[in-house]
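Here is what each chain is made of, one letter per residue.
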Amino acid sequence: MTTETAVTLPGGEMLTWSDRRADAGNRPLAALVARLVPPGADVLLAGPVDPAVLDALGGARVTALLRGYPDAAALAGRVDRVVAAGATGLPADEAYDVVIAAAGLDAVESVEGPRLGWDGVLARLAAAVRPGGVLLLRLDNPLGVHRLVASCGWYVGRDDAEWTLGGVLDQSRPANLDQLRLRLDAVGLRVAGSYAGYPRPESTTALLATDELARRTTSGLFEAVLQESCTHGYTGRFVLADPARLAVDALFAGRACDLAPSWLAVAHRPPAFGPEPAMSAAGLPTAGGGPGRLPVLLWGGGSDARIVEVVDGPHGWHWHRPGPVAAAATPAPYASREIAHLDPAAPDGPVPDGRLLHNLLLDGCLRRDTALLRRLLRGYADWLTHQAAADPLTGAVALAGVDNLVVAGDRFAVLDPSWRADDPLPVDVVLARALWRFATELLTGGYAHPWTSTLDAIGLTVVLGGVAGRDFDRAVVDAALDVDAAVRRIREAEHRDNRDTEGPDNRGTEGRDSRGADRRGGPEAGLRTVTSTDPPPGRHSYQQLRDAWLRQRDENTRLAAALSWTEDLLASREKALRRAEAKLDLLSGTVSYQLARLAVTPARIARRGARAVKRRARAAITRKDGNRE
């Protein structure tokens, strides 16, 4: 690429408008682009893209089509050619191997030129795809999870960027994935594959293949990815309900694709002559069989900056790390030893099958199925004991919580072994840490469970340990909380280092909220004393906050009733004491009381005299014995 690139202004540019957003990002798309785009390919970037996508196009000839002049000027030094205009500013005789519309088609059309509409912009971009080429197109879902949990309606927006609002009533654009396939087919493009994007349209950290998402509704991998992405993706945001819970429930119902915040279609134009091969004319892989098969999952890896893929091979799903694997850093001499580290080569190998232990335990708690809870927790404890043998636990098993373990029958396995413990940890400490984290979520999330509602997180941890066949004492739980605090600090430091490496373009508000939530949610901030009346840390769900308020109201009602009962008891005791004092005052003035007092007085005097004589006799005997010696 050239170091200096002039910005072409064919007309229709928006001189002061910028589509860049601080919290936008789509790093899984960058990994997909690196897989799809061969070196030397002609690529058209239509609309704003994540800087990570530009890094993945290092060996391609890139043309950027942006409607905002500030965006075009900022991108001029990173691509071969920049055009600041709407879709009409793209020359009609140009064709590309790959066309990427990562922000959708609304971000391509300019208000300063002729308006083509959604179908018109699609036709213009589709015409720019040469035979055998590929189009990557994002479509936002008007009924996605992000809208179902939004605190404000999509139709009340008054920001400058919201001059066009897409809803299901807008027939000019597709409203679901099937309609998108029909629109692409109408312009001569065939959909080779499609992905569901989570957790938000503008910030995608997970791309899940839609066909596998509809077929594998009990996949522990999909459960963990949806839980992780929707939890971190909405941290610090006000939502109506828990988006992670809604996404996982949609997966179980087979509707995770229908409720995805966005979709990414991978469409290609068939070759002009001859039968369509498994590989396109430009050498780009398709979703068919063979070595060019598209990944099942592209995931941003949660709190760290890695991208991991899951591909479907002859022996099932297995992890794949795109690009070179960084070597593990060698600690400096006399450096302080950390309790855990991130393995740069993980995850690797086959993806274990099974259900996520976290959701199985939640299901058992909600249904009060104590037999299921006892079987799962005792099986988990026995598995940890078997993994430890005669030594304390190390490696990924020592840090994997119930949200990173899958269960298939009686077999347990770690789903993502990226984080590993360096220091050996006792089995009871590992088990207590996992149960404490689950107990905290159980209490703050407002989930129903079979045990008393007055337990705090530590008390519930001890109860869960008893269900697992372990008798935890206070020292074990304190050690588990210390380990969890240390691991949290290391993960925060890793995330902070990765954000500093990425640069200011990728530093959105999401990362700042996530780190702040981690600090607020750590044991140092008071989670040692968390109770059922505390709201969940991280995301601000009105539903969960209301449930926490209801629990606090019930607890206040219970405390008020206990206080009222105590006050009534004290009042009754005070009345009885006053009656007793009145009786004593009354009896002290009677003749019988005076006679009894006269009879008792000589006896008291005689007893005191006898005690004095006894003391004097003892003193005399002691002096006599001393003189004899």
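Structure first, text after, so check above.
Residues numbered from 1 in each chain as written. Predicted model: local features only at pLDDT ≥ 70, side-chain atom pairs only at ≥ 80, totals over all residues. Heavy atoms only, no water.

A. Focus on the pairing of strand 19 (residues 405–408). Bridge count between strand 17 (residues 355–356) and strand 19: two bridges; the pairing is antiparallel. In the strand pairing of strand 19, Arg355 is matched with Val407. As paired elements, strand 19 and strand 20 (residues 411–414) share four bridges and run antiparallel to each other. Its bridge partner lying in strand 20, Ala408 is registered against Arg411. Between strand 19 and strand 20, which pair antiparallel in sequence order, lie two residues; one of them, Gly409, sits at a positive phi of approximately 70°. (Pairing = 2+ DSSP bridges. Helix = DSSP H or I, 4+ residues; strand = E, 2+ residues; numbered from the N terminus.)

B. Structural detail: a positive patch on the surface. Together, Arg597, Arg604, Arg607, Arg608, Arg611, Arg615 and Arg616 line one region of the surface with positive charge. Structurally, Arg604 can be placed in helix 17 (residues 591–628). (Patch = residues over 30% accessible without salt bridge, like charges linked within 9 Å, V, L, I, M, F, W, Y side chains within 5 Å. Areas by Shrake-Rupley, 256 points an atom, 1.4 Å probe, with all protein chains shown as cover. Salt bridge = Lys/Arg side-chain N within 4 Å of Asp/Glu carboxyl O. Lys, Arg positive; Asp, Glu negative; His and termini not counted. Charge placed at Lys NZ, Arg CZ, Asp CG, Glu CD.)

C. View of unusual backbone geometry. Put simply, Tyr198 and Pro199 share a cis peptide bond, and its omega is 5°. One can find Pro199 in strand 8 (residues 190–199). Of note, the bond from Ala346 into Pro347 is cis; its omega dihedral lies within 30 degrees of zero at 0°. Along the chain, the position of Pro347 falls in the loop between strand 15 (340–342) and strand 16 (349–350).

D. Representation of the pairing of strand 9 (residues 203–209). Burial analysis of strand 9 places six of its seven residues in the buried class, the great majority of the element. As judged from the two bridges shared by strand 2 (residues 25–26) and strand 9, these two strands associate in the parallel manner. Residue pairing for strand 9: Asn26 is matched across the bridge by Thr204. The pairing of strand 8 with strand 9 spans five bridges and is classified as antiparallel. Of the residues in strand 9, the one forming a bridge with Tyr198 is Ala206. Taking the residues that link successive antiparallel strands as the turn, the strand 8-strand 9 hairpin has three residues. In this sheet, strand 12 (residues 297–299) lies alongside strand 9 in antiparallel orientation, the contact comprising three bridges. The partner of Leu208 across the bridge, within strand 12, is Leu297. (Buried < 20%, exposed > 50% of the residue type's maximum accessible area, 1.4 Å probe, protein only.)

E. Structural context of helix 11 (residues 370–388). With 19 residues, helix 11 should reach 27 Å at 1.5 Å per residue; the first-to-last C-alpha distance of 27 Å fits that figure. Buried within helix 11 we find Leu372, Leu373, Leu376, Leu377, Gly379, Tyr380, Ala381, Trp383, Leu384 and Ala388. In the segment just after helix 11, Ala389 is the residue with positive phi, at about 55°. (Expected span 1.5 Å × (residues − 1).)

F. Quick peek at the side chain of Glu13. Turning to its location among the elements, Glu13 is positioned in the loop between strand 1 (7–8) and strand 2. Comment: no salt bridge for buried Glu13; closest opposite-charge side chain is Arg67, at 12 Å. Among the polar contacts listed, one links the side chain of Glu13 to the backbone nitrogen of Gly11, at a separation of 3.4 Å. In this structure, Glu13 is in contact with Arg67, Ala84, Ala85, Ser110 and Glu112, ignoring residues within four places of it in sequence. (Polar contact = N/O pair within 3.5 Å; in protein donor to acceptor, adjacent residues only side chain to side chain. Contact = heavy atoms within 4.5 Å.)

Any functional reading would require information that these geometric values do not contain.
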